[in-house]
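Structure at a glance
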Amino acid sequence: MSDALIISIYVFVLATFVGVEVISKVPPLLHTPLMSGSNAISGITLVGSLIAAGEGHGGVSVVLGTIAVVLATINVVGGFLVTDRMLRMFRAGGGRKSGGAS
Amino acid sequence: MSPAIAIAYLVAAVSFILGLKMLSSARTARRGNLYAAFGMLLAIVVTLLDQRILDFRYIVAGLVVGGFAGVLLAVRVQMTGMPQLVGLLNGFGGAASTLVAYAEYLRLSGDASITSFSAADVDQVVVSTIVLSVLIGTVTFFGSLVAAAKLHGVMRSAPILYPMQKQINAVLLAAALVLGVMLVAAPSLWYIPLAVIGLAAVLGVTSVIPVGGADMPVVISLMNSYSGLAGAMTGFVLSNNVLIISGTLVGTSGLILTDIMCKAMNRSLANVLFAGVGADYSPEEAAAEQKTVIRYTPEDIAYTLENAESVIIIPGYGLAVAQAQHVLQELASALMRRGVNVRYAIHPVAGRMPGHMNVLLAEANVPYDLLVEMDRINDDFQNTDVALVIGANDVVNPAARYKKNSPLYGMPILNADRARTAIVCKRSLNPGFAGEDNELFYLKKTMMVFGDAKATLTSLVAMMRKSVDS
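Residues numbered from 1 in each chain as written. Chains lettered and ligands numbered in written order. Predicted model: local features only at pLDDT ≥ 70, side-chain atom pairs only at ≥ 80, totals over all residues. Heavy atoms only, no water.

**Quick look at the overall build of chain B**
As a reminder of what qualifies: Only DSSP runs of H or I covering at least 4 residues are called helices, and only runs of E covering at least 2 are called strands; the numbering of each starts at the N terminus. Relative accessibility decides the category of a residue: with a 1.4 Å probe and only protein chains considered, values under 20% of the type maximum give buried, values over 50% give exposed, and everything between is partly exposed. In this description, contact between two residues means that some pair of their heavy atoms is separated by no more than 4.5 Å. Method for areas: the Shrake-Rupley scheme with a 1.4 Å probe, in which residue coverage is limited to the protein chains shown. Counted as positive: Lys and Arg. Counted as negative: Asp and Glu. His and the chain ends are not counted at all. Where a charge lies is defined by one atom per residue type: Lys uses NZ, Arg uses CZ, Asp uses CG and Glu uses CD.
Helix and strand counts for chain B come out as 17 helices and 6 strands. Dimensions of chain B, computed from C-alpha atoms along their principal axes, come out at roughly 85 × 50 × 35 Å. Sorting the 470 residues of chain B into buried and exposed places 56% on the buried side. Pairs at least 24 apart in sequence give 77% of the contacts found in chain B among residues at least 6 apart. Accessible surface for chain B amounts to roughly 19,300 Å². Of this, 61% is attributable to carbon and sulfur atoms. Across chain B, 32 positive and 31 negative side-chain charges occur, with their mean positions spaced 3 Å apart.

**Some thoughts on the interface of chain B and chain A**
Our working definition: Buried area is calculated as the accessible area (1.4 Å probe) missing from two parts once they are joined, with the contributions of both summed. Salt bridge criterion: a side-chain nitrogen from Lys or Arg within 4 Å of a carboxyl oxygen from Asp or Glu. Definition of a polar contact: a pair of N or O atoms within 3.5 Å, with one able to donate and the other able to accept a hydrogen when the atoms are protein atoms, and with sequence-neighbouring residues admitted only if both atoms are side-chain atoms. Three classes are used: nonpolar for Ala, Val, Leu, Ile, Met, Phe, Trp, Tyr, Cys and Pro, charged for Asp, Glu, Lys and Arg, and polar for all others, with Gly counted as polar.
Contacts between the two partners involve 108 residues from chain B and, on the opposite side, 89 residues from chain A. Of the roughly 8,300 Å² buried between chain B and chain A, counting both surfaces, carbon and sulfur atoms make up 76%. When residues of chain B are sorted by the area they lose upon contact with chain A, B:Leu23, B:Arg30 and B:Met40 head the list and together hold 7% of the total. Applying the counting criterion to the chain B and chain A interface returns 2 salt bridges. The salt bridge involving A:Asp84 is made with B:Arg30; its shortest N-O contact spans 2.8 Å. Applying the counting rule to chain B against chain A returns 17 residue pairs in polar contact (both at pLDDT 80 or more). It is helix 4 (residues 82-108) of chain B that contributes the most residues to the side of chain B that touches chain A, 16 residues altogether. Classifying every residue of the side of chain B that touches chain A gives 64 nonpolar, 31 polar and 13 charged.

**A closer look at empty space enclosed by the protein**
Which entries qualify depends on this criterion: Residues are said to line a cavity or pocket when one of their atoms sits within 4 Å of a point; the points come from a 1 Å grid over protein atoms alone, cavities being sets where a 1.4 Å probe fits but cannot get out and pockets being open sets with protein on both sides within 12 Å along at least five of seven lines. Grid points are joined across faces, edges and corners, and a volume is the space filled by probe spheres set on the points.
Counted under the stated rule, the structure contains 3 cavities of 30 Å³ or more. Lining the largest cavity are A:Gly37, A:Ile41, A:Phe80, B:Phe16, B:Gly19, B:Leu20, B:Leu23, B:Gly32, B:Asn33 and B:Ala36. Mapped onto the lining of the largest cavity, the elements with two or more residues apiece are helix 2 (31-42) of chain A together with helix 1 (3-22) and helix 2 (29-48) of chain B. Looking at the lining of the largest cavity residue by residue, the class counts come to 6 nonpolar, 4 polar and no charged.

**Considerations on the nonpolar core**
Put simply, the test is: Buried Ala, Val, Leu, Ile, Met, Phe, Trp, Tyr and Cys residues form a nonpolar core when they are joined through side-chain atoms within 4.5 Å.
Formed by 188 residues in total, the largest nonpolar core has its most connected members in B:Leu305 and B:Tyr344. Take this core: its biggest share by element is 14 residues, from helix 4 of chain B.

**Considering the packing of aromatic side chains**
Residues and elements named next belong to chain B. Selection rule: Between rings of Phe, Tyr and Trp, where Trp is taken as its six-membered ring, a pair exists when centres lie within 6.5 Å; planes separated by under 30 degrees are stacked, by over 60 edge-to-face, and by other angles tilted. Only when the NZ of Lys or the CZ of Arg is both within 6 Å of the ring centre and within 35 degrees of the ring normal is a charge said to sit over the ring.
Considering all chains together, one arrives at 4 aromatic pairs over all chains under this definition. Each ring, one from Tyr-102 and one from Tyr-105, has its centre 6.2 Å from the other, and the planes form 15°; the classification is stacked. In this pair, Tyr-102 and Tyr-105 both sit in helix 4, 3 residues apart, roughly one turn of the helix. In this structure Tyr-102 comes out as buried when scored by relative accessible area, which is 6%. Ring geometry for Phe-141 and Phe-142: centres 5.1 Å apart, planes at 80°, overall edge-to-face. Its end group placed over the ring of Tyr-317, Arg-352 keeps NZ or CZ at 4.2 Å from the ring centre.

Any link to function would need more than the numbers given here.
Next comes the structure, spelled out in structure tokens:
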């Protein structure tokens with residue numbers, strides 16, 4: 001096993017613990033934005049897609065990489081935007097604010 | 001990877017973690033999302049500086065097309081359609097992971113064409129991570145598509161069941177894994193990755209079709225987790241730690257949400273995935289005993305609400321179906337102006353995905369400090385004058401507490417029956433998803449008002465306005 005793999009396994013295991021610590025503190029109130037936001041973060045595969053799409057020798061992997069860039073970009077842009085759209089709606093001010101459609 | 005790029009990736013990973021951390025409070029959540037988006041932008045920009053990238057034409061085209069489609073989806077989606085959108089985006093993430101991992105296999109094999117293999121020596125560990133990445137990514141893509149189709153109504157949401165379903169899925173998974181092992185032993189067998197993709201596609205479909213529409217929140221959460229795992233596996237393929245960190249964060253997030261959803265329904269994950277709940281919808285013992293409900297008019301309801309000191313509103317998905325969130329908040333505001341203490345009690349499975357009801361109410365301008373999660377409000381019902389149940393059913397069914405043969409048994413419920421008065425606004429007496437008759441409706445303290453939620457609430461608001469004027 002290469003050193004790089006060992007380091008990757010370390011990173012993977014430690015990231016699991018960070019994930020559990022951080023995510024379990026998110027209140028149920030925000031679970032939908034959590035899902036869409038974390039969904040956008042999982043679009044990080046875009047980084048790998050970019051390299052595959054840009055290697056420039058015209059092979060099949062470039063075609064696949066380009067499709068992956070499209071899909072991952074939808075994932076990233078759509079995910080962050082829709083999360084922002086939702087979070088913008090969350091407002092404090094119980095009791096004083098009057099409701100109603102806008 | 002140059003040290004500068006590696007450090008930039010680390011900064012990106014830290015932004016993701018900080019962003020998720022800031023989701024722990026509604027005050028900081030929006031800024032947290034921006035932090036995470038900044039991290040993503042940074043990761044993309046430094047990747048473009050990578051020396052391996054020689055040709056930017058396809059990249060730019062892909063970014064433009066994907067960016068445009070992403071904006072379109074995000075801007076146009078309705079809040080009720082959020083579960084489908086998240087499902088679809090999960091699927092895209094999974095597909096991207098599959099494509100990247102397979103492209104890496106082609107690159108390692110010489111990349112002249114799909115069928116040739118000119119590489120002398122390929123790291124077996126890399127090949128095994130490619131197999132896992134391709135497998136998980138493809139299952140995520142097809143599973144998410146089916147889930148989104150069911151949620152969007154383009155596919156029947158009832159479970160699709162056939163004999164030996166579990167066994168067939170197990171065989172599919174085992175076959176994919178065996179093929180994976182074969183590929184690790186002989187990386188030049190070019191057709192194996194394609195076969196794994198094919199099997200995973202079938203598995204993605206067959207593992208989601210037996211799940212009913214009401215259980216989709218679990219599937220969406222699980223797919224969220226898979227899409228993260230697929231990303232993490234791709235990180236192993238490319239030895240890229242930012243992919244591993246982000247993918248793992250998302251993987252744990254999805255798993256935690258899956259667990260929360262299962263607990264809120266008192267079901268095991270296996271039961272959700274395999275039991276096909278909702279298929280054999282049999283109203284057992286129906287009409288065995290004649291029970292009567294007491295029917296009230298909106299006038300009675302308005303009078304009761306106005307004279308209450310405290311009201312807890314229990315919204316269910318029926319509220320969103322009737323598009324009545326806004327008028328409900330008008331009613332709540334009218335009551336609050338009269339000094340009534342109004343809060344909303346949110347069951348974890350209210351809506352079609354984790355936390356969905358909060359988003360639907362936030363859209364209707366309900367301040368989030370009025371939205372109280374189940375565990376924090378359940379003890380307050382006994383000191384509350386009115387529990388107002390709108391479009392919810394199973395989550396307030398007392399049978400869940402004691403009726404051992406009920407499909408609801410053991411599920412945590414909101415204690416609407418412990419309030420001094422329960423008002424239930426409902427279309428009809430039809431049972432909920434679980435098919436269990438709701439005895440809350442037959443209690444003496446319960447006031448039933450039948451009709452469309454929006455129409456009923458609108459007339460309540462009108463009556464309150466009138467009584468203010470007079």
